[in-house]
Amino acid sequence: QNVQINGGMFSIGASSTIDGNLQVQNIPVGTAQNQICGTTVKGNVQFQNNGMAVQIGSASPSCAGDTIGGNLQVQNNSGSTAIYNNTVGGNLQDQNNTGATQVFNNTVTQSLQCQNNSSITGGGNTAKQKQGQCIGF
């Protein structure tokens, strides 16, 4: 089953499993920080067009990294995005974000691709190949 969150606040916590894809979009500015922590998503995860901060895993024990079976796409977000300690079975694509983006300690089976982000920092990531702004991460 697929889960789509469009325009509302959310928190998906530890030990949750989504059997299909997860799509999060159009979260407006002024919403509390949204997070997905310690979750297993068997399909693809897509975060796009969000105005408020989004946390996908973290460096904190209270928000563990996620296991994503397919691709993780983070694009066109104006809020800050933290992508920490996740295991991604496909590609991790981080692109066209105007909010500050952090990409740390992710294990990516295929490509880690970052492009056209206004502000991006990262490190400690492993991937079959790294491209764009994430080459040194």
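This report concerns the structure included in the present document.

Thresholds, definitions, all that
- Residues numbered from 1 in each chain as written.
- Predicted model: local features only at pLDDT ≥ 70, side-chain atom pairs only at ≥ 80, totals over all residues.
- Heavy atoms only, no water.
- Salt bridge = Lys/Arg side-chain N within 4 Å of Asp/Glu carboxyl O.
- Helix = DSSP H or I, 4+ residues; strand = E, 2+ residues; numbered from the N terminus.
- Buried < 20%, exposed > 50% of the residue type's maximum accessible area, 1.4 Å probe, protein only.
- Pairing = 2+ DSSP bridges.

Applying the stated criterion to the full structure yields one salt bridge. Note that Asp-19 is salt-bridged to Lys-42, the shortest N-O span being 3.3 Å. Here the residue Asp-19 occupies a position in the loop between strand E3 (17–18) and strand E4 (22–25), and Lys-42 occupies one in the loop between strand E6 (40–41) and strand E7 (45–48), the gap between them amounting to 23 residues. A relative accessible area of 47% means that Asp-19 is categorised as partly exposed. Given the relative accessible area of 51%, Lys-42 is considered exposed.

This part covers the pairing of E4. Where strand E1 (residues 3–6) and E4 come together, four bridges link them in parallel fashion. Bridge pairing in E4 places Val-3 opposite Leu-22.

One open sheet holds the six strands; their spatial order is E2-E5-E8-E11-E14-E16, and the pairing between them is parallel. Of all the strands in the sheet, the pair left with one neighbour each is strand E2 (11–12) and strand E16 (120–123).

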